[in-house]
Amino acid sequence: MIAFDNIALAWLFIINGVAFIMYGVDKYKSVHHKWRIQESTLLLLALAGGSIGAMLGMQLFRHKTKHLKFKYGVPLIFLAQIVVFGYVFLHTCRS
């Protein structure tokens, strides 16, 4: 049986990779005047656990860094995830 920890770690790795790639793809589409990825999709990727990939994509691709909901929203999502994961981790270690 695969441990929940391994599944969660795999999920975080995958969703952060997807978020990073999607920010890069959206930047490419922006530069080439192509149909764009919805902002809600990019933010949902961060909410789903891909906040680190989203922040790295924003910085590396210089994308969405001037939009306030991304500039402040994605780091706030990251901080909220740290609090939630920390809470869960502390309470699972005590049992």
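Look above for the structure.
Before going into details, it helps to say that this report is about the structure given with it. (Residues numbered from 1 in each chain as written. Predicted model: local features only at pLDDT ≥ 70, side-chain atom pairs only at ≥ 80, totals over all residues. Heavy atoms only, no water.)

### Brief notes about helix α2 (residues 39–61)
Look at α2: only 16 Å from first C-alpha to last across 23 residues, short of the 33 Å you get at 1.5 Å a residue. At Gly50, α2 is deflected by roughly 130 degrees, the largest bend along its length. Within α2 the residues assigned to the buried category are Leu42, Leu43, Leu45, Ala46, Gly49, Gly50, Ser51, Gly53, Ala54, Gly57 and Met58. At the exit of α2 stands Arg62, carrying a positive phi of roughly 50 degrees. (Helix = DSSP H or I, 4+ residues; strand = E, 2+ residues; numbered from the N terminus. Expected span 1.5 Å × (residues − 1). Bend = angle between axes of the 7 residues up to and from the residue. Buried < 20%, exposed > 50% of the residue type's maximum accessible area, 1.4 Å probe, protein only.)

### Focus: helix α1 (residues 4–31)
In a regular helix each residue adds 1.5 Å, so 28 residues correspond to 40 Å; α1 covers 41 Å between its end C-alpha atoms and thus fits that length. Every buried residue of α1 is listed here: Ile15, Asn16, Ala19, Tyr23, Gly24 and Asp26. In the segment just after α1, His33 is the residue with positive phi, at about 55 degrees.

### What to know about the pattern of salt bridges
Using the criterion set out here, one finds three salt bridges in the structure. Put simply, Glu39, Lys64 and Lys69 are held in one network by salt bridges that share partners. (Salt bridge = Lys/Arg side-chain N within 4 Å of Asp/Glu carboxyl O.)

### Things to note about the environment of Pro75
Relative to the helices and strands, Pro75 resides in helix α4 (residues 73–94). Distance in space between the C-alpha atoms of Pro75 and Ile52 is 8.5 Å, their sequence separation being 23 residues. Excluding residues that lie within four positions of it along the chain, Pro75 makes contacts with Met55 and Phe70. (Contact = heavy atoms within 4.5 Å.)

Without other data, these values stay purely geometric and don't point to any function.
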